[in-house]
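Results of the structural survey
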Amino acid sequence: MYYKDVENSQPRTRSPARFVNKSEVLEYVDKDQLPISLGGTNEAAAANVMENDFQSLADKKQVTFTQQSPPRRTTSTTSSDSKASPEKNMSPLVITPQETLTFSVQQSNSESLPQSIKMTNNREVQVAYKVKTTAPEHYRVKPTVGLIEPGQEIEVSVQLTPGSAVTASRDRFLVQCTPITAPFKGDITEYWRSVEQGKVTEHRLRCKVVMNGSPIEEKVDHLMNNSMHAITPAPNVADRLLAIENKLKSIEQKAEATHRQTRNTLVIIQIFLVVSLVYISYLLYQEYNLLQESIAAEAPAAQTEQLKPEL
């Protein structure tokens with residue numbers, strides 16, 4: 001499981017592995033370190049490779065020899081290494097809770113009440129601590145690093161962010177601590193960058209979310225079961241939905257037909273208005289011509305009546 005610093009959630013980048021063939025391996029390994037089968041000159045390495053291959057084959061499959069020899073008993077070389085010394089297993093801090101960090105939420109998308117990780121320094125020297133988690137984006141942790149004086153007890157506040165409650169049970173916390181023999185007054189963050197891994201004691205915590213007194217997993221399962229039942233409608237409900245859909249389609253078709261009819265009516269009205277305007281213009285033009293002809297006919301008669309008295 002990969003733990004990350006809370007203040008920096010970006011994982012470390014690793015250089016990709018490179019595969020080489022028999023001709024290229026000499027660029028990275030000397031000939032005297034390679035077996036003869038790989039182009040080297042080390043016969044002992046070849047013998048070791050054959051012995052290891054034979055031993056791995058013997059471990060996978062039981063082999064029967066002609067001379068019955070007592071079974072070979074292999075001793076584990078890691079048994080002594082796995083037993084750490086009591087001094088290494090003894091944590092310089094008393095951490096509460098010891099196994100599970102429980103968060104309480106009202107709803108699945110709400111933030112939790114602040115929880116605390118209590119740490120008590122039971123040593124006579126200063127102890128530096130650091131808190132990591134597998135999902136830094138899901139939690140607000142304050143402070144993430146610090147220094148605890150001898151006999152001092154501190155609390156680290158941990159709060160679940162909104163929307164993270166459903167998957168929080170898969171998250172883990174890691175509390176790292178290391179004693180400081182000499183008095184320290186510098187930057188504790190910079191100090192952690194130079195700490196040897198063998199001097200660090202680790203304490204792991206699981207996460208649990210409770211919603212209204214019950215684990216959130218039970219609530220989620222209950223909601224999923226109810227939603228699955230709600231998704232499958234009863235036959236009469238399906239028939240009603242189909243009837244409503246058909247009625248909506250019918251109304252849509254009628255509305256479209258009415259829209260086309262209204263548009264055609266507006267076109268006819270526009271044509272009628274244009275024709276009427278042209279006809280009225282024509283009548284006015286005819287009336288104007290008749291008026292001009294009558295005026296032209298009355299003008300000579302008026303002149304003749306004016307000339308009679310003079311004669």
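Structure: above.
Since this is a predicted model, take the numbers as computed values, not measurements.

Now for the nonpolar core. Residues Met119, Tyr139, Val156, Val158 and Phe173 are the most contacted members of the largest nonpolar core, which totals 29 residues. Residue assignment for this core shows that the elements contributing at least two residues are β2 (93-96), β3 (100-105), β4 (115-121), β5 (126-133), β6 (139-142), β8 (153-160), β9 (172-180) and β10 (201-211). Judged by nonpolar contacts, the second largest core, of eight residues, contains Val145, Phe184, Trp192 and Val200.

With that settled, consider the pattern of salt bridges. Overall, the coordinates contain seven salt bridges when judged by the stated rule. Here Arg140 ties to Glu111 by a salt bridge, and the two come within 3.0 Å at their closest N and O atoms. With Arg140 in strand β6 and Glu111 in the loop between β3 and β4, the pair connects residues that are 29 residues apart, well separated along the chain. Residue Arg193 pairs with Glu190 through a salt bridge whose shortest N-O separation is 3.1 Å. Given the relative accessible area of 64%, Arg193 is considered exposed.

Turning to its location among the elements, His138 is positioned in the loop between β5 and β6. A residue is classified by how much of its surface remains accessible, and His138, at 18% relative accessible area, is buried.

Moving on, we get to unusual backbone geometry. The omega angle of the peptide bond from Thr96 to Pro97 is 5°, so this bond is cis rather than trans. Along the chain, Pro97 turns up in the loop between β2 and β3. Pro143 follows Lys142 through a cis peptide bond whose omega is -10°. Positionally, Pro143 belongs in the loop between β6 and β7 (145-148).

Let us look at the packing of aromatic side chains. Going through the model one piece at a time under the given rule, you end up with three aromatic pairs. Between Phe103 and Tyr139, the ring centres sit 5.6 Å apart and the planes meet at 40°, which makes this aromatic pair tilted. With a gap of 36 residues between them, Phe103 in strand β3 and Tyr139 in strand β6 connect regions that are remote in the sequence. Residue Phe103 is classed as buried on the basis of its relative accessible area of 0%. The exposure class of Tyr139 is buried, given its relative accessible area of 4%. Ring geometry for Phe184 and Tyr191: centres 5.0 Å apart, planes at 50°, overall tilted. An aromatic cluster of three or more residues is present, and its members are Phe103, Tyr139 and Phe173.

What counts and what doesn't
- Residues numbered from 1 in each chain as written.
- Predicted model: local features only at pLDDT ≥ 70, side-chain atom pairs only at ≥ 80, totals over all residues.
- Heavy atoms only, no water.
- Core = buried A, V, L, I, M, F, W, Y, C linked by side-chain atoms within 4.5 Å.
- Buried < 20%, exposed > 50% of the residue type's maximum accessible area, 1.4 Å probe, protein only.
- Helix = DSSP H or I, 4+ residues; strand = E, 2+ residues; numbered from the N terminus.
- Salt bridge = Lys/Arg side-chain N within 4 Å of Asp/Glu carboxyl O.
- Phe/Tyr/Trp six-rings, centres within 6.5 Å; stacked < 30°, edge-to-face > 60°.

Limitation: the analysis is restricted to geometry and does not speak to function.
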